[in-house]
Amino acid sequence: MQNTTDKIASKFLGKRTEGSYTYDSSLILPIPREENRKQYNISNENLPFKGWDIWHAYEFSAMSENGIPVTRVLKIKYNCNNKFLMESKSLKLYLNSFNMSRFGKTTKECLEICKNTIEKDLSEKLQTEVEVNFLENNSPRVEIFSKFQNIMELVDESKIKIEQFKENPELIETEISDTKEYYITFESLRSNCRVTHQPDFGDAFIYYNSEKHIKEESLVKYLSSFRSEYHFHEECVEMIFKRLQNILNKNDKLFVSALYTRRGGIDICPSRWTSNCEIKDVYDLIDLNKFARNGIKQ
């Protein structure tokens, strides 16, 4: 029997859909976060983290009133403390409905109208404040998370045997260590869409400050266990965050982000962190004027 989340998401996912030839805000499908969070004892009323979800639409296009094409990279950002996330295919269909629609006399006016329209539509649907920016075609591409080290450089591959590919927190092992701060990157995160079962690939970034050291070999095993999981990107990040938070000490700092590669012209980059986490040199880089991509994977 389908749960509520899958029932909503399956309206478009896995189906041939024509979309709309003209602007149509009714295409947006909000999905309740609560259903998945309950599985991991995450309460919407008392979230164990702060964070945001960032989306990049690399192929946004509309037209001016004179029929001149206007194309930009669109960046969307909203807080994770609202009740809803967006279903990705519905967002694609909604944004595609701008393709043949005409707004404003000039390129500048067109972009301003589209920005205001999208912010209004998404804010109403998600019941939260949504920020939208267009990145100019000459926007610099920046490398973020420069302090983070590839976890595979810290382990001996020949001694790791991975046999579990369903998410399992029992794989995580800790020890007491004199080192307090850890900046880890895992470049082979894979999960699957919960409706279409298509694979999603991304980079995971984990920062924590604790007297507990999460053994890198165990973290590789744990993150690899997502390869047969079926969840939205936001859900995977929250699962990883909650599992790690559960094994660290109560007041330890923790930051988890995943930068997924784009599919269908859109990528999703969720980030979650503890309220005492002030590592601005990490997450201040993910703002509305920069690409949130490590090296900008195309």
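Now for a quick tour of the structure.

The rules behind the values
- Residues numbered from 1 in each chain as written.
- Predicted model: local features only at pLDDT ≥ 70, side-chain atom pairs only at ≥ 80, totals over all residues.
- Heavy atoms only, no water.
- Pairing = 2+ DSSP bridges.
- Helix = DSSP H or I, 4+ residues; strand = E, 2+ residues; numbered from the N terminus.
- Contact = heavy atoms within 4.5 Å.
- Axes fitted to C-alpha atoms, helices over the stretch in contact; angles between N-to-C directions.
- Phe/Tyr/Trp six-rings, centres within 6.5 Å; stacked < 30°, edge-to-face > 60°.
- Buried < 20%, exposed > 50% of the residue type's maximum accessible area, 1.4 Å probe, protein only.
- Left-handed = near helix turned anticlockwise from the far one by under 90°.
- Nonpolar A, V, L, I, M, F, W, Y, C, P; charged D, E, K, R; others polar.

### Quick look at the sheet that holds strand 5 (residues 130-135)
Next up, step 1: The strand order 5-3-2-12-11-9-8-6 describes an open sheet built from eight strands, whose pairing is mixed. Two strands in the sheet have a free side with no partner beyond their single neighbour: strand 5 and strand 6 (149-150).
Next up, step 2: Here six bridges tie strand 3 (residues 69-79) to strand 5, and the two strands are oriented antiparallel to one another. Considered in strand 5, the bridge of Tyr78 is made with Val130.
Next up, step 3: The strands touched by helix 4 (residues 107-126) within the sheet are strand 2 (50-63), strand 3 and strand 5, with strand 5 carrying the most contacts at an inclination of about 155°.

### Structural notes on the packing of aromatic side chains
Next up, step 1: Under the counting rule described, the total for this entry stands at 14 aromatic pairs.
Next up, step 2: Taken together, a centroid distance of 5.7 Å and an interplanar angle of 85° make the contact between Phe148 and Phe205 edge-to-face. Of this pair, Phe148 sits in the loop between strand 5 and strand 6 while Phe205 sits in strand 9 (residues 199-209); the two residues are 57 residues apart in sequence, bridging distant segments of the chain.
Next up, step 3: The exposure class assigned to Phe148 is buried, which follows from its relative accessible area of 11%.
Next up, step 4: Phe205 sits in the buried class, given a relative accessible area of 0%.

### Digging into the packing of helix 5 (residues 216-224) against helix 6 (residues 233-247)
Next up, step 1: Running from N to C, helix 5 and helix 6 cross one another at 145°; their axes reach a closest spacing of 12 Å. Helix-helix and strand crossings are classified by hand; for helix 5 and helix 6 the assignment is right-handed. Residues Leu219, Tyr222 and Leu223 of helix 5 touch helix 6, and the partners they reach there are Met239, Ile240, Arg243 and Leu244.
Next up, step 2: Residue composition of the contact of helix 5 with helix 6, grouped by class: six nonpolar, no polar and one charged.

### Thoughts on the packing of helix 3 (residues 88-96) against helix 4
Next up, step 1: One can describe the packing of helix 3 onto helix 4 by two numbers: an axis separation of 12 Å at closest approach and a directional angle of 145°. For helix 3 against helix 4, the interelement crossing comes out right-handed. Residues Leu91, Tyr94 and Leu95 of helix 3 touch helix 4, and the partners they reach there are Thr117, Ile118, Asp121 and Leu122.
Next up, step 2: Classifying every residue of the contact of helix 3 with helix 4 by side-chain character gives five nonpolar, one polar and one charged.

### Let's talk about helix 5
Next up, step 1: With seven of nine residues buried, helix 5 is to be regarded as a mostly interior element.
Next up, step 2: Listed in full, the buried residues belonging to helix 5 are Glu216, Ser218, Leu219, Val220, Tyr222, Leu223 and Ser224.
Next up, step 3: Residues of helix 5 that are buried make contact with strand 8 (181-192), strand 9, strand 10 (212-214) and helix 6.

### Some points on unusual backbone geometry
Next up, step 1: With a phi angle near 55°, Asn41 is a residue other than glycine that sits in the positive phi range.
Next up, step 2: Summarising the element assignment, Asn41 is placed in the loop between helix 2 (34-38) and strand 2.
Next up, step 3: In this structure Asn41 comes out as exposed when scored by relative accessible area, which is 67%.
Next up, step 4: Non-glycine residue Gln127 carries a positive phi angle of around 55°.
Next up, step 5: Among the structural elements, Gln127 can be located in the loop between helix 4 and strand 5.

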